[in-house]
Amino acid sequence: MRTKLLFAGVLSAGIFAAGMAQAQNIKIGFHAPLTGFAAADGKSAVLGAQLAVEQINAKGGVNGKKLQLVIYDDQASPKNSAPIANKLISQDKVALAISGSYSGATRAAAGVFQKAKVPYIAAYAVHPSITKAGPYVFRTSFVGEVQGRAGAKLVGDILKKRRVVLITLKNDFGRSLVRGFKEKAAAYGVKIVSEYEYSIKNRQFGPIIAKVKADKPDAIYATGYFFTAGPLVRQLRAAGVKAVVIGQEGYDSQKFIKIAGKAAEGVVITTSLNRDSKRAVTLGFIKAFEKKAGYKADMVAATTHTAIYVAAAALKAAGSMDPAAIRAAIAKTTVNAATGQISFNSLGEVQKSVLVQVVRNGNWHFHSKIDDKMLLAPPTK
Amino acid sequence: MEFQFAYFVDQLINGVTLGSIYGLIAIGYTMVYGIIGMINFAHGEIFMIGTFLTVIFFMLIIGTITFFPLAVLIVLLMSVLLTSVYGWTLERVAYRPLRGSPRLAALITAIGMSIFLQNYVQLLQGARNKPLTGILEGKDDILRVKYDLINTLNAAGQPYLVTISNLQLLIIILTVVVMVVFSQIISRTALGRSQRACEQDRSMAALLGINVDKTISMTFVMGAALAAVASLMFMMHVSTTDFFVGFLIGVKAFTAAVLGGIGSMPGAMLGGMIIGLVETFFGAYFNQEYKDVATFTLLVLVLIFRPTGILGKPDIEKV
């Protein structure tokens, strides 16, 4: 009995000590799909965020305190992310939270964070409604429409292609990109010949490809993730379709090139990570990520890394744990991060330039940069 | 007119390749159902394991064996062997202890095994996609060699070329060969005889000295072997896999098995072909988005007018 009591005493002392140690840390909530169909992106997201936290802590943390990530698995599903948001707010009492997840999960969590008035940064979810949840919600990647508009400029103005076929991924990501693309297509002299949709589980594109063959376009604007786009591009080339393929940040992974093989050569994408960057913070990220993860950096990792840097800068500027002060600091911040110079507009949407990358000799390389402030102006309401 | 025909042929080739893969997997569902009256929902996951084994074996041997067709053959044999071991283990561990228990128990176990196998592969192999292309380093170029079938002009007067590649030929031929071999096994060998006997009446077969447990085990092994063949084709075609890949293809193949008449082997192959073709042609002439609606509408119609499926035998009421 006495030993039991003693044991319990030691145990609670241990917990108390741990609690003390934790009180020194600033907790940042984080949710990402660690299991389920999107787990590959979830892994990159977590590694990117962890890397950022390690780098910041190695330099002494924020205002003398260390950052600490509280990570949950949302399986990219809204039914998981909303309870996670509640848990992060009421149980873990995080200073702010970051979504390393897809649009569906992020939309559901955004409302919860806004209601509790806890600052929330969506790292790479593209759906426009996310930031509309309220002033406490921010986004460090482009809203889908903005990137779609950049895609239209890329096709019509930079690559000078006229007849375009759209192959659209049937989800928030694909649809919002295509909305932006269509909005600006005519302005850049791009004619949409036809449009096809596919589901995220699709890996065999034979029927669509035969149709594309019949359409004979100059370019193909295909939305998707590397695991759908890889097989798509490979099968397009195998069927003898030579039109240039334009992708987006969903392609932005070395895995895309591994899957598509030689077919990947010449594919052009709009994204946020420049492989040939001369900027120290981007270079540092690319090198450190490859060392930590054992594979090459991708957009997802870069943008979650960026989100943590934004959070750290805001926490430093706010100088307190008051959510309203942190929110105000995020809104005002200008951060030099892995994906560029980051600042936010009145809706909490990121303002930065679009980087165009192309596959050459089995690697992503710089193609061009789209800096048109008018074109890239994120929505303000 | 010429163009319309060329387009049709092009899509036909797509449909048959897709249908071959569905059909081979569907046989796994149908054989198990035929003998123990249970739907093995983990069969899609067996296929998924086959795709991973294909990648692993290619990685192991591609450096040493330079003659690509031989490498394919070796990978095929090895992955069939090991996938079969998974099929056997699945039955031994998860289904045999529950034999004789209510059907619902077996069904829940099957779904449980499906979830287990997905997470098992995710933990072991990681969540990231496993591409085959990088491993082969262009050694599979021979599969991409194309033969021109029809050379015509499209509506706008531009050239439209219909081709068939070595890969597509390989998929179709391999399916036919495997089908012939398996139907011979079922109709000519002692194992096939015991399988047919177990299908008709398990207790009677047992009374006549047939080792029912062994026969059922062998059925799982055969189903898994066919899934392994399909997974090799799939990997050659799609070139990437992940732990989630078995789900959709499993649902499609299961639908194919029901459509063809669950329990009937030619039915499963026919069902697979029909689903592959319907999906492709609906997408080709109507709307790509609603191809699954077309497939399942067809399934509903067939089940209304022929509840046992196209080639299924009506269940004899054993009172």
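Source: prediction; values computed, not measured.

Caption draft 1: Region of interest: the pairing of strand 14 (residues 354-360) of chain A. Residues and elements named next belong to chain A. Counting buried residues in strand 14 gives six out of seven residues, a clear majority hidden from the surface. When strand 10 (residues 268-271) meets strand 14, the two strands line up antiparallel, connected through four bridges. Each residue of the ladder has a partner; that of Thr270, found in strand 14, is Val356. Pairing of strand 14 with strand 15 (residues 363-370), which is carried by seven bridges, proceeds in the antiparallel orientation. Bridging across to strand 15, Val354 finds its partner in Ile370. What sits between the antiparallel neighbours strand 14 and strand 15 is a turn of two residues, in which Asn361 has the positive phi angle 50°.

Caption draft 2: Main features of the pattern of salt bridges. Evaluation of the coordinates by the stated rule reveals 20 salt bridges over all chains. Residue Asp140 of chain B pairs with Arg234 of chain A through a salt bridge whose shortest N-O separation is 3.7 Å. Placement of the pair is Asp140 of chain B in the loop between helix 5 (133-136) and strand 2 (146-153) and Arg234 of chain A in helix 8 (residues 226-238), with the two residues belonging to separate chains. Residue Asp140 of chain B is classed as buried on the basis of its relative accessible area of 3%. Classification of Arg234 of chain A as buried rests on a relative accessible area of 9%. Connected through salt bridges with shared partners, the residues Glu91, Arg96, Arg99 and Asp213 of chain B form a single ionic network.

Caption draft 3: Spatial organisation of the interface of chain A and chain B. Contacts between the two partners involve 41 residues from chain A, matched on the other side by 43 residues from chain B. Regarding the contact of chain A and chain B, the summed buried area is about 3400 Å², with carbon and sulfur atoms giving 55% of it. Counting every contact that joins chain A to chain B gives 14 residue pairs in polar contact (both at pLDDT 80 or more). Taken together, the elements giving at least two residues each to the side of chain A that touches chain B come down to helix 2 (39-58), helix 7 (206-215), helix 8 and helix 9 (254-260) of chain A. Of the residues in the side of chain A that touches chain B, the class split is 16 nonpolar, ten polar and 15 charged.

Caption draft 4: Main features of the domain arrangement of chain A. Residues and elements named next belong to chain A. Segmentation of chain A into domains returns domain 1 (2-142 + 278-350) and domain 2 (145-271 + 355-370). If you average the C-alpha positions of domain 1 and of domain 2, the two centres end up 31 Å apart. Facing the 16 residues of domain 1 at the interface are 17 residues of domain 2. The junction of domain 1 with domain 2 conceals about 1300 Å² of combined surface from both sides, 61% of it contributed by carbon and sulfur atoms. Looking at the side of domain 1 facing domain 2, the largest losses of area belong to Val126, Phe142 and Met299, adding up to 40% of the total buried there. Our enumeration of links across domain 1 and domain 2 arrives at one salt bridge. Arg107 is paired through a salt bridge with Asp172; the nearest N and O atoms lie 2.9 Å apart. Our enumeration of links across domain 1 and domain 2 arrives at three residue pairs in polar contact (both at pLDDT 80 or more).

Caption draft 5: A look at the packing of aromatic side chains. In total, this model carries 28 aromatic pairs over all chains according to the counting rule given. Ring centres of Phe173 of chain A and Tyr225 of chain A lie 4.9 Å apart, and the angle between their planes is 15°; on these two criteria the pair is classed as stacked. Placement of Phe173 of chain A in helix 6 (residues 172-185) and of Tyr225 of chain A in the loop between strand 8 (219-222) and helix 8 is noted, with a sequence separation of 52 residues between them. For the pair formed by Phe173 of chain A and Tyr225 of chain A, the shared burial category is buried. An aromatic cluster is present here, built from Tyr102, Tyr124, Phe173, Tyr225, Phe226 and Phe227 of chain A joined pairwise through their rings. One residue, Lys213 of chain A, lies across the ring of Tyr160 of chain B, its end atom 5.2 Å from the ring centre. Taking the ring centre of Tyr136 of chain A as reference, the NZ or CZ of Arg327 of chain A above it sits at 5.9 Å.

Caption draft 6: The arrangement of the sheet that holds strand 4 (residues 120-122) of chain A in detail. Residue and element names in this part refer to chain A. Taken in spatial order, the five strands line up as 2-1-3-4-5 in an open sheet, and their pairing is parallel. Of all strands in the sheet, those bounded by a partner on one side alone are strand 2 (67-73) and strand 5 (137-139). Looking at each pair of strands side by side, their axes are set apart by 25° on average, direction ignored.

Caption draft 7: Molecular detail of the environment of Gln195 of chain B. Residues and elements named next belong to chain B. Counting through the fold element by element, Gln195 comes out in helix 7 (residues 190-200). Classification of Gln195 by relative accessible area gives buried; the value is 4%. Separated by 19 residues in the primary sequence, Gln195 and Lys214 have C-alpha atoms spaced 9.8 Å apart. Among all residues touching Gln195, those that are not within four sequence positions of it are Met31, Ile35, Ile186, Thr215, Met218, Thr219 and Met222.

Caption draft 8: Unusual backbone geometry, seen in detail. Backbone geometry at Lys160 of chain A places phi at a positive 60°, although glycine is not the residue there. Turning to its location among the elements, Lys160 of chain A is positioned in the loop between helix 5 (144-158) and strand 6 (163-169).

Caption draft 9: Summary view of a nonpolar patch on the surface. All names here are of chain B. A cluster of nonpolar side chains, namely Phe5, Phe8, Leu12, Tyr285 and Phe286, defines an oily patch on the protein surface of about 500 Å² accessible area. Tallying contributions element by element places helix 1 (residues 2-36) first for the nonpolar patch, with three residues. Assignment of secondary structure puts Leu12 in helix 1. Leu12 sits in the partly exposed class, given a relative accessible area of 32%.

Caption draft 10: How the structure looks around the nonpolar core. Residue and element names in this part refer to chain A. With 104 residues, the main nonpolar core has Leu67, Phe256 and Ile308 as its most contacted residues. Broken down by element, the residue count for this core peaks at ten residues, all from helix 11 (residues 299-318). Counting only domains with at least three residues in this core, you end up with domain 1 (2-142 + 278-350) and domain 2 (145-271 + 355-370). Discounting chain neighbours no more than four positions away, the residues touching Phe256 are Phe226, Ala229, Gly230, Val233, Tyr251, Ala264, Val267, Val359 and Trp364.

Caption draft 11: Highlighting the packing of helix 2 (residues 43-61) of chain B against helix 4 (residues 103-125) of chain B. Residue and element names in this part refer to chain B. One can describe the packing of helix 2 onto helix 4 by two numbers: an axis separation of 9 Å at closest approach and a directional angle of 20°. Considering their axes alone, helix 2 and helix 4 lie roughly parallel with respect to each other. For the pair helix 2 and helix 4, the crossing hand works out as left-handed. Counted together, Glu45, Met48, Ile49, Phe52 and Ile56 of helix 2 and Ser114, Leu117, Gln118, Val121 and Gln125 of helix 4 form the full contact between these two elements. By residue class, the composition of the contact of helix 2 with helix 4 is six nonpolar, three polar and one charged.

Parameters and conventions
- Residues numbered from 1 in each chain as written.
- Chains lettered and ligands numbered in written order.
- Predicted model: local features only at pLDDT ≥ 70, side-chain atom pairs only at ≥ 80, totals over all residues.
- Heavy atoms only, no water.
- Buried < 20%, exposed > 50% of the residue type's maximum accessible area, 1.4 Å probe, protein only.
- Helix = DSSP H or I, 4+ residues; strand = E, 2+ residues; numbered from the N terminus.
- Pairing = 2+ DSSP bridges.
- Salt bridge = Lys/Arg side-chain N within 4 Å of Asp/Glu carboxyl O.
- Contact = heavy atoms within 4.5 Å.
- Buried area = accessible area lost by both parts, 1.4 Å probe.
- Polar contact = N/O pair within 3.5 Å; in protein donor to acceptor, adjacent residues only side chain to side chain.
- Nonpolar A, V, L, I, M, F, W, Y, C, P; charged D, E, K, R; others polar.
- Domains from an automatic or database assignment.
- Phe/Tyr/Trp six-rings, centres within 6.5 Å; stacked < 30°, edge-to-face > 60°.
- Lys NZ or Arg CZ within 6 Å of the ring centre and 35° of its normal.
- Axes fitted to C-alpha atoms, helices over the stretch in contact; angles between N-to-C directions.
- Patch = residues over 30% accessible without salt bridge, like charges linked within 9 Å, V, L, I, M, F, W, Y side chains within 5 Å.
- Areas by Shrake-Rupley, 256 points an atom, 1.4 Å probe, with all protein chains shown as cover.
- Core = buried A, V, L, I, M, F, W, Y, C linked by side-chain atoms within 4.5 Å.
- Parallel < 35°, antiparallel > 145°, perpendicular 65-115°, else oblique.
- Left-handed = near helix turned anticlockwise from the far one by under 90°.

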